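Remarks on the overall topology
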Amino acid sequence: MDIHILQCGSIRVSATVPFGNRIDLRNTARQLMTADKKRVTLPVFTYLIEHPRGLILVDTGWCRDISPDGVYDPKAVADVLPPHLAALFHPTLPAGMAIHEQLAGMGIQPEDLDYVLLTHLDVDHMSGLRHVNKAKHVVLPEYEYYWSCRTVYKTRQPQNLWIQYPMERPFYRGSSLGPNHWVIDLFGDESVQMVNVPGHTEGQAAIVIRNGDRFVLLAADAAFSLRNWREMITPGFGFSRDMQLKSLRWIAEMADDPACVAVLCSHDPEIAPGTIAI
Ligand SMILES: [Zn+2]
């Protein structure tokens, strides 16, 4: 199985987003106000898996509309995102990097995709869905969907960007895997499992891709880099630090497993686009 790491743009955020080690409203307010020159640039990764059962895309990155000329364009961003999310992310999507543009470069049309798996509904993972919604299956854990329609997530994950696209919404089920022991086993053979890793959002899924006795863990936003789980520093953006810690402890265990080929985080600046074979 080949796992292609595709970068679909970047974000410029306060350094407290990946390594804040606390979550509170004051911290969030500061993240929104941090001047651009004091921010860090982080990649936004998606993954294309060539699985025997078909082509599987994990997350969708930024949509082209957010950066029509491939540069940071606050006016274009404001047309897509509400002001608080525009202020948080400062997104950029260079020419050729939108998910459908990269797939076209590989000779793949959106309708050729068998699955699009959404780890969660934050805009940097979901806004590109408009480019690939013709995939045969779009899958989102029901638990993420449930909370995204309610409470504070309504402001964090604007419905106008995703509610119109048909999705399959399986429930997590009990498993020995994961910090919460909740898993969606896509094919029932443990080769692709969506594993609930709460903390960043409640329903967020990491993806474990297994081939024989080897696996790759796509950690989504449960961690931003290995520093999070090696030093147990929690990201400063999320909803529960306790749950973030629980998820980080699980990632650390998985990373130490000799069968682990790689742990890939969605915004790790140490990771370069490329292909991992397992
Ligand atoms: Zn993210």
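Before reading on, note that the structure itself is shown above.
The structure reproduced in this document is the subject of the present report. (Residues numbered from 1 in each chain as written. Predicted model: local features only at pLDDT ≥ 70, side-chain atom pairs only at ≥ 80, totals over all residues. Heavy atoms only, no water.)

**Focus on the environment of glutamine 164**
Counted only if it meets this: Secondary structure counts use DSSP, requiring at least four H or I residues in a row for a helix and at least two E residues in a row for a strand, with both numbered from the N terminus. Polar contacts here mean pairs of N or O atoms no more than 3.5 Å apart (in protein, one a potential hydrogen donor and the other a potential acceptor; neighbouring residues in sequence count only if both atoms are side-chain atoms).
Tracing the chain through its elements places glutamine 164 in the loop between α9 (153–156) and β6 (173–174). In this structure the side chain of glutamine 164 is engaged in a polar contact, spanning 3.1 Å, whose partner is the backbone oxygen of asparagine 160.

**Notes on the nonpolar core**
Applicable threshold: Definition used in this section: a nonpolar core is a set of buried Ala, Val, Leu, Ile, Met, Phe, Trp, Tyr and Cys residues joined via side-chain atoms within 4.5 Å. Here's how the labels work: a residue is buried when its accessible area is under 20% of the maximum for its type, exposed when over 50%, partly exposed in between, all with a 1.4 Å probe on protein chains only. It only takes one pair of heavy atoms within 4.5 Å for two residues to be counted as in contact.
Within the largest apolar cluster, 44 residues are counted, with the highest numbers of intra-cluster contacts made by Trp62, Leu81, Leu113 and Val116. Only β1 (2–13), β2 (40–51), β3 (54–58), α3 (74–80), α4 (83–89), α5 (99–105), α6 (123–126) and α7 (129–132) provide two or more residues apiece to this core. Ignoring sequence-local partners within four residues, the contact set of leucine 113 consists of Leu48, Leu55, Leu57, Leu103, Ile108, Val132, Ala135 and Lys136. Listed in part, the 27 residues of the second largest apolar core include Val139, Ile184, Val192 and Ile278.

**Thoughts on the pattern of salt bridges**
Convention followed: Each salt bridge in this description consists of a side-chain nitrogen of Lys or Arg and a carboxyl oxygen of Asp or Glu lying within 4 Å of one another.
Tallying each qualifying case throughout the model produces nine salt bridges. Arginine 64 serves as the salt-bridge partner of glutamate 101, at 2.8 Å between the closest nitrogen and oxygen. Taken together, the residues span a long stretch of sequence, with glutamate 101 in helix α5 and arginine 64 in the loop between β3 and α3 at a distance of 37 residues. When its relative accessible area of 24% is taken as the criterion, glutamate 101 is described as partly exposed. Taking relative accessible area as the criterion, arginine 64 reaches 14% and is therefore assigned buried. In this structure, glutamate 142 and arginine 169 form a salt bridge, with 2.7 Å as the shortest nitrogen-oxygen distance. A residue pair is termed long-range when its members are at least 10 positions apart, and glutamate 142 in helix α8 (residues 142–148) and arginine 169 in the loop between α9 and β6 qualify at 27 residues. Residue glutamate 142 is classed as buried on the basis of its relative accessible area, which comes to 13%.

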